[in-house]
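# Structure assessment
Here's the letter readout for the chains.
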Amino acid sequence: MAKIGLALSGGGVRAFAHFGVLSNLKWAGIPVHVISGSSMGALIGAIIASDTNIELAKNLLVSLSPFKLFNPIVPYLGLSNFEKIKRLLARLNIPKDFSQLKIPLIVTATDLKRRESVYFNSGNLWDAICASMALPGIFYPMKIGDRLLIDGGITDNLPVNILKGEADFIVASDVNSASRKYPELTNSFQIVYESVTLLVEMNSRISRENADFVIDVPLQNIGILCFSKSKLVINISQKATYQPITELKKILEEKDYVHDRSLGPLFVSPLP
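What you see is a predicted model; the values in this text were computed from it and never measured.

This paragraph deals with the packing of helix H1 (residues 18–27) against helix H2 (residues 40–50). At a minimum axis distance of 10 Å, the contact between H1 and H2 shows a crossing angle of 35 degrees. Of the two elements, H1 crosses H2, and the hand of that crossing is right-handed. In this structure, H1 uses His18, Phe19 and Leu22 to contact H2, whose residues at the interface are Gly41, Ile44, Ile47 and Ile48. Each residue belonging to the contact of H1 with H2 can be placed in one class, and the counts come to 5 nonpolar, 2 polar and no charged.

Next up, the structure:
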C-alpha cells in the first residue's frame, strides 16, 4: 500500500490553518501515514498523530493567549521556559513518548551549536516539541543531550525532505508563502520579525519544490502571535483548501494511491 506523508510548516498562530487542511483531507478520504512538523506545525502534527479529539484540541488552542503560553522569567537566554507549554501538552492528551503515537511523527528542531537541522522520531516527545517551538528571544533553547536546540523553522520550516523514503507521496501544508505582503518597517520588532520570516521563506523554497503537492493557505495580515485571529485562521483554511484538496484527490486516484472514490461529510463546522 502506498504511503502518504504530510509535512506541516511552522508559523505560530498561522499554523492553526493545518486544522482546516486536516478536515478537508478527511472529507476527501485521503489517509495520512506519516507526519513531519516544525515549530507549531510539530504541535499540530502531534495532535493528529496522537489520535486525540481534534474538535476538543482545536477549541483549546483557539482559547490561547501569550499569557497562557509564555512563563515570564528573568531574561537570560530567553523570556520564557516551557512550563506552560508542557501543561498544554498534557491537556491535549499528547503522550510523552513517540512510541505511544498512533501515526509516525518526525519533529524538526535546529541545533544552535552544530548549525544544522535535527530530527526526532523516538524518545521524549514533549522535549522534542518544546525544542521545535523554541523561538529565539522568546523561549529558552532546549537542551537534549549535548545539543542546544531552537525553533525548527530556522533551518527547516517545511520538513519535506525528511519524509523522502518514508512516504511514496508527500503533501506539504505551507501557511507562510501564499499572498504575503511585506509591511513598511517602523520599529525594531518588525525588523527582527521580518528577518526570521526571511530565513523561514528561504529554507522553505527547496522543500516546496521537493514536495509532490503543496497546499497554500492565504493568511494576509495575520502575524505569528495574533492569537485573537486564531478562529479566523481555521475558518479561512477550511474554505481555502477545499479546492486544492479536491485536486489532490484526483491526482491520488490517478496514481491508484487512494481507492475510495467517495467523499465523506464535511465533519468540521466553522468556529463561531
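Read on, since the account is not over.
This brings us to the packing of H1 against helix H10 (residues 242–254). One can describe the packing of H1 onto H10 by two numbers: an axis separation of 10 Å at closest approach and a directional angle of 40 degrees. Put simply, H1 runs oblique to H10. Handedness of the crossing formed by H1 with H10: right-handed. Of the residues in H10, those touching H1 at Val21, Asn24, Leu25 and Trp27 are Tyr242, Ile245, Thr246 and Leu248. Residues of the contact of H1 with H10, tallied by class, amount to 6 nonpolar, 2 polar and no charged.

This paragraph deals with the nonpolar core. Core analysis: the biggest nonpolar cluster contains 70 residues, and Phe16, Leu43, Ile47, Leu61, Leu92, Ile94 and Leu105 have the highest contact counts within it. For this core, the leading source of residues is H2, giving 8 residues. With residues up to four places along the chain from it excluded, the contact list for Leu61 reads Phe16, Phe19, Leu43, Ile44, Ile47, Leu88 and Leu92. Within the second largest apolar cluster, 10 residues are counted, among which are Ala7, Ala167, Ile170 and Ala172.

Summarising the model, the chain shows a mean pLDDT of 85, and 82% of its residues fall at 70 or more. Mean pLDDT values over the elements of the chain span from 61, in helix H4 (residues 66–69), up to 98, in strand E2 (residues 34–38). In the model, residues 265–272 has pLDDT below 50 throughout and makes 20 contacts with residues more than four positions away in sequence or in other chains.

So, about the packing of aromatic side chains. Enumeration over the complete set of coordinates arrives at 3 aromatic pairs. Ring geometry for Trp27 and Tyr242: centres 4.9 Å apart, planes at 40 degrees, overall tilted. Of this pair, Trp27 sits in helix H1 while Tyr242 sits in helix H10, and the two are 215 residues apart along the sequence. Given the relative accessible area of 7%, Trp27 is considered buried. Overall, the relative accessible area of 36% leaves Tyr242 in the partly exposed class. Their ring planes at 80 degrees and their centres at 6.3 Å tell us that Phe169 and Tyr257 sit as a pair that is edge-to-face. With Phe169 in strand E7 (residues 169–174) and Tyr257 in the segment after H10, this residue pair connects regions lying 88 residues apart in the sequence. Owing to a relative accessible area of 26%, Tyr257 belongs among the partly exposed residues under this scheme.

Moving on: the pairing of strand E1 (residues 4–8). By the criterion of burial, E1 is predominantly enclosed, with 5 of the 5 residues buried. What you see with E1 is no split at all: Ile4, Leu6 and Leu8 on one side and Gly5 and Ala7 on the other are buried throughout. Alignment of E1 against E7, held across 5 bridges, turns out to be parallel. Looking at E7, one finds that Gly5 is bridged to Ile170. When E1 meets E2, the two strands line up parallel, connected through 4 bridges. Bridging across to E2, Ala7 finds its partner in Ser36. In this fold, the crossover linking E1 to E2 by way of H1 has right-handed handedness.

For Ser39, which is not glycine, the phi torsion reads 55 degrees and is therefore positive. Topologically, Ser39 is positioned in the loop between E2 and H2. Judged by its relative accessible area of 8%, Ser39 falls in the buried class.

Reading the values: the criteria
- Residues numbered from 1 in each chain as written.
- Predicted model: local features only at pLDDT ≥ 70, side-chain atom pairs only at ≥ 80, totals over all residues.
- Heavy atoms only, no water.
- Axes fitted to C-alpha atoms, helices over the stretch in contact; angles between N-to-C directions.
- Helix = DSSP H or I, 4+ residues; strand = E, 2+ residues; numbered from the N terminus.
- Left-handed = near helix turned anticlockwise from the far one by under 90°.
- Contact = heavy atoms within 4.5 Å.
- Nonpolar A, V, L, I, M, F, W, Y, C, P; charged D, E, K, R; others polar.
- Parallel < 35°, antiparallel > 145°, perpendicular 65-115°, else oblique.
- Core = buried A, V, L, I, M, F, W, Y, C linked by side-chain atoms within 4.5 Å.
- Buried < 20%, exposed > 50% of the residue type's maximum accessible area, 1.4 Å probe, protein only.
- pLDDT = per-residue confidence, 0-100.
- Phe/Tyr/Trp six-rings, centres within 6.5 Å; stacked < 30°, edge-to-face > 60°.
- Pairing = 2+ DSSP bridges.
- Right-handed = clockwise from strand over helix to strand, strands pointing away.

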